[in-house]
Structures are given as structure tokens and as C-alpha cells.
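As a plain string of letters, each chain reads:
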Amino acid sequence: MGRGAQVPLASGKGGGLLLRWSEVPPSMTESFILSGYRCPGYTFAQCLVSAFRPTNETGNFWTHFLAVFVFAFHFLEQFWGEGPVVPKGPLDPFYYPLWSYFLGVCGLLVASSMAHLFNSMSLVIREICFYIDYGTISAYTVGSSLAYFYYIHPRGGGSPPPPPPLPGTGHNTSSLSAWPSWEGAGWLSALAGQVGTWFEALYVPSACLIALFCTLACCSTRHQWPRYRYLIRTLVFLLPFGVVSIPVFRKLWWGGDGAAAAAGGHGTGRFFLRHCFWLLASGIFNVSKIPERFSPGKFDIWGHSHQWFHCCTFMSILDELHMIRGEIRELGAGLPRAPTFLSTFGVMLLLLTLLASIVGWFGLRAYASHQRSMARKGD
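Predicted model, so just to flag it, every value in this text is computed and none were measured. (Residues numbered from 1 in each chain as written. Predicted model: local features only at pLDDT ≥ 70, side-chain atom pairs only at ≥ 80, totals over all residues. Heavy atoms only, no water.)

**Topic: the pattern of salt bridges**
Any two side chains of opposite charge can pair, given that their charged atoms come close. Inspection of the entire model under this criterion finds five salt bridges. The partner of Glu77 in a salt bridge is Arg325, with the nearest N and O atoms 3.3 Å apart. Here Glu77, found in helix α2 (residues 58–80), pairs with Arg325, found in helix α11 (residues 305–331); they are 248 residues apart in sequence, far enough to count as distant. What makes Glu77 partly exposed here is its relative accessible area of 23%. A salt bridge links Arg274 to Asp319, with the nearest nitrogen and oxygen atoms 2.7 Å apart. Placement of the pair is Arg274 in helix α10 (residues 268–288) and Asp319 in helix α11, with a sequence separation of 45 residues. (Salt bridge = Lys/Arg side-chain N within 4 Å of Asp/Glu carboxyl O. Helix = DSSP H or I, 4+ residues; strand = E, 2+ residues; numbered from the N terminus. Buried < 20%, exposed > 50% of the residue type's maximum accessible area, 1.4 Å probe, protein only.)

**A closer look at the packing of aromatic side chains**
Throughout the structure, instances matching the rule amount to 28 aromatic pairs. Residues Tyr101 and Tyr140 carry aromatic rings whose centres are separated by 6.4 Å and whose planes lie at 45° to one another, so their mutual orientation is tilted. Of this pair, Tyr101 sits in helix α3 (residues 96–118) while Tyr140 sits in helix α4 (residues 123–152); the two residues are 39 residues apart in sequence, bridging distant segments of the chain. Both residues of the pair, Tyr101 and Tyr140, belong to the buried class. Note on Phe149 and Tyr203: the rings are 5.9 Å apart at their centroids and 20° apart in plane angle, and the pair reads as stacked. Note that Phe149 is positioned in helix α4 and Tyr203 in helix α5 (residues 184–220), a separation of 54 residues in sequence. With respect to class, Phe149 is no different from Tyr203; both count as buried. (Phe/Tyr/Trp six-rings, centres within 6.5 Å; stacked < 30°, edge-to-face > 60°.)

**Digging into the side chain of His310**
Structurally, the position occupied by His310 is in helix α11. The residues touching His310, leaving out its near neighbours within four places in the chain, are Asn60, Thr63, His64, Ser112 and His116. (Contact = heavy atoms within 4.5 Å.)

**Quick look at the nonpolar core**
Grouped together as the largest cluster of nonpolar side chains are 79 residues, with contacts concentrated most on Phe71, Tyr101 and Tyr151. Those elements that provide at least two residues to this core are α2, α3, α4, α5, α7 (238–244), α10, α11 and α12 (342–378). With 15 residues, α4 is the single largest residue contributor to this core. Among all residues touching Tyr151, those that are not within four sequence positions of it are Phe94, Tyr95, Tyr96, Pro97, Leu98, Ile324, Glu327, Ile328, Leu331 and Leu335. (Core = buried A, V, L, I, M, F, W, Y, C linked by side-chain atoms within 4.5 Å.)

**Some words on the packing of helix α6 (residues 229–236) against α10**
Two numbers describe how α6 lies on α10: the axes approach to 8 Å, and their chain directions differ by 160°. Of the possible angle classes, the one that applies to α6 and α10 is roughly antiparallel. By crossing handedness, the relation of α6 to α10 is classed as left-handed. Judged by residue contacts, Tyr230, Leu231 and Thr234 of α6 engage Gly283, Asn286 and Val287 from α10. Of the residues belonging to the contact of α6 with α10, the class tally is three nonpolar, three polar and no charged. (Axes fitted to C-alpha atoms, helices over the stretch in contact; angles between N-to-C directions. Parallel < 35°, antiparallel > 145°, perpendicular 65-115°, else oblique. Left-handed = near helix turned anticlockwise from the far one by under 90°. Nonpolar A, V, L, I, M, F, W, Y, C, P; charged D, E, K, R; others polar.)

Next up, the structure:
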């Protein structure tokens, strides 16, 4: 069978057929994975059955599907583990940002696992599955931004750090007005207030715009820059991480939480550092294709880089959840700004609508491209 030939599979037959890399279309192959490919044309039922058979997608499916239940357990501990913070219970508006975050994470995990399970139904469905996957990653970043904005930003330091000691005194002052001779004090205070105002207005909209850009860029890599697609996708998602994490950076820089966090407890710094470590590890696995790069064919079914990428990604999410829960416990029931349905779920719904439009557009392009390819083969 020639390289790139598509193998037809009759409905209800051939569910046990696995192929080598040379027997499937090039768009279905993964670097250094030589065997275990499902035959293009699986039915819906055959895809479900394949979750319990050793293929090169089985581990990819289970590493994120089981993670949904682990995440849900740790998430619900917020309400039953130590008692709810808000007397009105988990449906109080106080928890709207947390539930938005929950929807973002679960959407990512479910979409990822389903994409790996059903991508062998057809080449077009395969493309759409991963377009949806990229979209839900972006939705997750916006869900994180909402949780950060409402739970971490209020504690992130609304004022600049304490001023330096007055010359010749050897000790600090407690307010800017106590040392009128320092000309930069008023300027710093005004600048901090102006930056804070802009941050309040632009943080969540910026996270949404960046999410849309990331989805467009990642969807484009499925047809452009194939050699560097994993590197581009990894670098693209560094942008939302940097922007979304601004409230944490502010808290650690101005709030002085770093030392306390390192000592233990529920400090933001400790969990954020672990969150960053797991993200870095996931990026390394995704780009380097280790371990299969060093032993092609040995890790075709279990232990290849994408499975480790999934595991590291989930560990980063779990530490992020613990960080957010710790901030909620420190906040108590008081929030400087009250979450509303429109400012949380409304933002997520609008974003999902725009992401669905992007996915639909790329899906139509994939379908049209497939139809043209079939027409050329027919000629």
C-alpha cells in the first residue's frame, strides 16, 4: 500500500485493523510513531470500542478523560472539604468566576479526550476535532483569567510597594504623604492608580482577544508550517499565560507572598511555581518528542510524548486550582467587585460563540479542501 493511501473501512467491519505510518494519509501521522494507527473511516461505535484497545491514541484519550473526574473531585472539595466560604452556598455569585473556571477546564479535558477518540472517523472530522481542541484550550485560559481577576487581583497589591527609607532616618515611612521631600512619591502613586484603572478595564477583554488569536494561529498550523507546528503551538500559548498571570505576578511582586509561600501553607507563590514547572515540562515534551525520538517504534502505544504532555498539563491545572482555592479561603466572603452572570458566564458564552465561529470557518475550509482533493483523484 502506497504512502498516504486512504484505506476504506466498511461500517461494522475491520475494527481491529491497525496500520503503520506508511499506510495512512500523511495528515494522520505523528513524528516517530511508526505503528498503532487506526484505519481512516472508523464508525462512531468503532471509535468507542477503540478506547479499550491498544492504539496510539488510547493513552491520549484516557490521560485527559480520567482527569475530568480527578479535577471535579478536587474542585468540589471547595464546598464539602472545609465548608463553603459563602453561607448562601456554591451557587452564590461569589462563586461565578470559579464555576467559569470549572467550565473552561472541563471543556478542555473533555474536548481533548474526545478529539483523540473520534479523530479516525474521517480526515475532515479529524481536522474539526483538533480545531475544537485548540478552541477549548483558549476558553480555559479565559476561565483562568476570570478566576484570577476576581480572586487573586484584589489581593494582588492595589498600591505600590512601601517607599524607601528617608535619608538619615534608617526606617521606612508608612504613607507617601509622610515624606514630602521625595518628589517621585506622588508620581508613583498616580501612575499606579492609572495603571490599575487600565488593568481593570482591559485585563479580561485582552485575555479574550488573545484567546481568539491563539485559536486562529493553532488552527492555521494544521495546514501551514507543518515542520514547526508543535513549536509554534507551544510558543503561541505562552502569550496567554503571560497576560493571564499578571495578577499573580502583581501579588508576588507587591504582596510579598513569595517568601511566605515557600514556607508552606496556602500561599500563591508555591502553587504558582509548581504550575509553571508543569507547564514547562509539558512544553518540553510537546516540542522535543521525547522519548519516542530516541527510540522510534518502542513507544507507539504507551509512554510517548503526547501522553506525558497530557499528564504534565493536567498537573499544572491541578496546582492552579489549589492556588485559586487558597486565595478564596484567604478572601473569605468579601470581594471588592461583585461578580455578575454577564461578567463571568456571559464572557465565557460570548467567547465560546466566537470560538465556534472560528472552528466552523476552518471546518468548512477543511471540507472544501477535502472535496477538491477527492475531485482531483476522480479525474
